[in-house]
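# Results of the structural survey
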Amino acid sequence: MALAPSKDTATAKGAAAKGSASAKGTASVKGTASARPPSRTPSRGFWSSTIGKKTVMAVSGLIMLAYLVAHVAGNLKVFFGPEEFNGYAHWLRVMGAPVLHHEWGLWLARIVLLAAVGAHAVSAYQLSRRDIRARPTRYVHRRKGSSYATRTMRWGGIIVGLFIVWHVLDLTTGTVHPGFESGRPYQNVIDTFSTWYGNTIYIVAMLAVGLHVRHGFWSAAQTLGVGNARRERALRLLANVLALALTAGFIAVPVGVMTGVVN
Amino acid sequence: MKLNLRVWRQKNAGAEGAMATYEVDGVSPDMSFLEMLDTLNEDLILRGEDPVAFDHDCREGICGACSLVINGDAHGPERTTTCQLHMRSFRDGDTIDVEPWRASAFPVVKDLVVDRSAFDRIIRSGGYVSVPTGSAPEAHATPVPKADADFAFEHAECIGCGACVAACPNGSAMLFTSAKVNHLNVLPQGAPERETRVLDMVAQMDAEGFGGCTLTGECATACPKGIPLPSIAAMNKEWLRARRKVK
Ligand code: HEM
Ligand code: SF4
Ligand code: FES
């Protein structure tokens, strides 16, 4: 054979380079005789790969994040009074006109967002199940805080997901909103934030969004291979700024209503 | 020093295991953690009991055979391998918990010994370079930029111990796999298999039942060789690049 791909090349190199004679010929002995077979046949497929699923999660997350930035900017118009806010809501419906028909732009955005939420939730669910199965036994001696980020992403994600459902039923369709009037969003917003539960649900969800974006934005950069040691500080900073700006911007609206600045 | 050890005992892969408590006396602060376990085992053998099984080989921090989760930390409280951990890191009278690596891809074989053959299969799937044998090539024929050589060397330091998997809340092998992929993918010698290497090693890693990466960073904190967390992002980049190139 002209080519000699050797299993030991890679591992032996590390040890040999450090000037040691005991290269890793022992690698295969490590596992002892009862070598455990892999749980399934390897696949190069995109969706069957953990990295592929993470990529879907990162891209769909970034789409939702871009939407949230636009959404918070729109929401803050509530501080300029009912005319400007309702006018903005009207513009959303004629967005893209005259190229697009009435509400086409809005529906296009809704479809993209729905697809993003779906893809994100499915990949998050499948990866989380896989992760839990990969580590079924806990250590008897448990350290604190080791899976903080992972757990807040899962619980935070579920809270945000439930909130999205409630939020649409509350302010888009009005299903759970007594006295909802379509076409008068300013009044509807004031209604929602005049109830204790409206404020509580909303503020808790926005704190969850902040935490989710804080780890999520930085994670997405790693998943997409944009992160590296040099950009580490900048990416962390950007993640924190985005998370803080979104949370503060969203929470400003109920606080504005509660304090009577918006009425 | 006198210590209280709580050690995971399990007869074989199929048996139920439990923590057992032992007292070890006459421990010198200059002993390594494994020598302390040797002391315990000598005692157990004299008493006619089954000694505690644990993996070890070089005992100089280079082979990756030793393991052990000590007080919840893979390789214990210092950033080194268990064989290079010394008892001066503990205090007289301490109670120390000793457990095996935990991951479904690393099943317990006996006591503290786990089956890490999954790593061997990941290496076999792409952790090699193809070299023409026969005449040795001229050493300077293939120049490697200094930055690439440093990057490769940093990742070549991985000894395949599996502490990254043991520390990860998802039992993920991304740090190990990224060390192997990055080590070879950056070098001209590794270029012919650059795309298939990362695709096949990641596919094998997933097939072994390791979890995905949630970027918790526990792996890089536990790694005795300091393989850094950004290595995972570098492998993700290689994987996405290979996906675009290989149809
Ligand atoms: C349907 C509700 C949601 C659920 C169930 C959810 C769940 C999750 C989970 C579990 C993760 C981390 C999983 C892992 O790393 O393996 C994650 C990551 C992420 N999420 Fe969400 N999330 C939701 C909504 C959102 C929203 C509204 C945004 C927009 C800001 C978002 C942005 C992100 C980003 C950018 C990531 C990082 C992706 C990566 O790690 O590469 N998520 N999500
Ligand atoms: S990356 Fe570090 S912890 Fe993981 S196997 Fe290699 S040396 Fe061990
Ligand atoms: S016994 Fe070889 S690294 Fe510890």
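Sequence positions are assigned chain by chain, starting from 1 and proceeding in written order. In the order they appear in the text, chains get letters beginning with A and ligands get numbers beginning with 1. pLDDT decides what is reported in this predicted model: residues at 70 or higher carry local features, side-chain atom pairs at 80 or more are listed and counted, and totals for whole chains, interfaces and linings draw on all residues regardless. By convention in this description, side-chain values take in all heavy atoms of the structure and omit both hydrogens and water.

### Details of the sheet that holds strand 2 (residues 18-24) of chain B
All names here are of chain B. Pairing between two strands requires that DSSP report at least two bridges joining them. In this text, helices come from DSSP runs of H or I with a minimum length of four residues, and strands from runs of E with a minimum of two, each type numbered from the N-terminal end. Strands sit in the order 2-1-5-3-4 across an open sheet of five strands; the sheet is mixed. Each edge of the open sheet is held by one strand with a lone partner, namely strand 2 and strand 4 (73-74). Relative to strand 5 (residues 95-99), strand 3 (residues 69-70) runs antiparallel, the two being bridged by two bridges. By the bridge assignment, Ile 70 is partnered in strand 5 with Val 98.

### Quick notes on the site of ligand 2
All names here are of chain B. The environment of ligand 2 is formed by 14 residues, the closest being Cys 158, Cys 161, Gly 162, Cys 164 and Cys 223. Sorting the residues of the shell around ligand 2 by element identifies helix 4 (163-167) and helix 5 (174-185) as the ones contributing at least two each. Side-chain classes follow a simple rule in which Ala, Val, Leu, Ile, Met, Phe, Trp, Tyr, Cys and Pro form the nonpolar group, Asp, Glu, Lys and Arg form the charged group, and the remainder, Gly included, forms the polar group. Of the residues contributing to the shell around ligand 2, the split by class is eleven nonpolar, two polar and one charged. When we say a residue is near a molecule or strand, we mean one of its heavy atoms is within 4 Å of it.

### Observations regarding the packing of helix 2 (residues 50-75) of chain A against helix 4 (residues 104-134) of chain A
Residues and elements named next belong to chain A. Axis lines are fitted to C-alpha atoms, over the contacting stretch for helices. Their N-to-C directions set the angle, which ranges from 0 to 180 degrees. Close contact between helix 2 and helix 4 brings their axes to 8 Å; oriented N to C, the two are set at 140 degrees. Viewed along their axes, helix 2 and helix 4 adopt a mutual orientation that is oblique. As helix 2 packs across helix 4, the resulting crossing turns out to be left-handed. Across from Thr 50, Lys 53, Lys 54, Val 56, Met 57, Ser 60, Gly 61, Ile 63, Met 64 and Tyr 67 in helix 2, the residues of helix 4 making contact are Val 112, Leu 113, Ala 116, Val 117, Ala 119, His 120, Ser 123, Ala 124, Gln 126, Leu 127 and Arg 130. Here the contact of helix 2 with helix 4 is built from residues that sort into twelve nonpolar, six polar and three charged. If an angle is under 35 degrees, it is roughly parallel; if it is over 145, roughly antiparallel; if it lies from 65 to 115, roughly perpendicular; otherwise it is oblique. Throughout, a crossing is termed right-handed when the near helix is turned clockwise from the far one, and left-handed when it is turned anticlockwise from it by less than a right angle. Throughout, a contact is declared for two residues whenever any of their heavy atoms are within 4.5 Å.

### A look at the coordination of the iron atom of ligand 1
Residues and elements named next belong to chain A. Any N, O or S atom lying within 2.8 Å of the metal counts as a donor, and for Na, K and Ca the limit rises to 3.2 Å; water is left out, so some sites can look incomplete. Surrounding the iron atom of ligand 1 are the protein donor atoms His 120 (NE2) and His 212 (NE2), which sit 2.0 Å from the metal. Because the angles between the six donor atoms bound to the iron atom of ligand 1 fall within 86 to 179 degrees, the donor set is best described as octahedral. With His 120 in helix 4 and His 212 in helix 7 (residues 196-223), this residue pair connects regions lying 92 residues apart in the sequence. The rule is simple: four donors are tetrahedral if all their angles sit between 85 and 135 degrees, four are square planar and six octahedral if opposite donors span more than 155 degrees and the others lie between 65 and 115, and anything that fits none of that is irregular.

### Some details on helix 7 of chain A
Given 3.6 residues to a turn, an α-helix orients residues that are three or four positions apart in the same direction. Residues and elements named next belong to chain A. Working rule for helices: expected span equals 1.5 Å times residues minus one. Counted at 1.5 Å a residue, the expected span for helix 7 with its 28 residues is 40 Å, and the 39 Å between its end C-alpha atoms agrees. The principal kink in helix 7, of about 25 degrees, is found at Val 213. Gly 225 sits one or two positions beyond helix 7 and adopts a positive phi of about 75 degrees. Note that bend, as reported per residue, equals the angle between axes fitted to the 7 residues terminating at that residue and the 7 residues originating from it.

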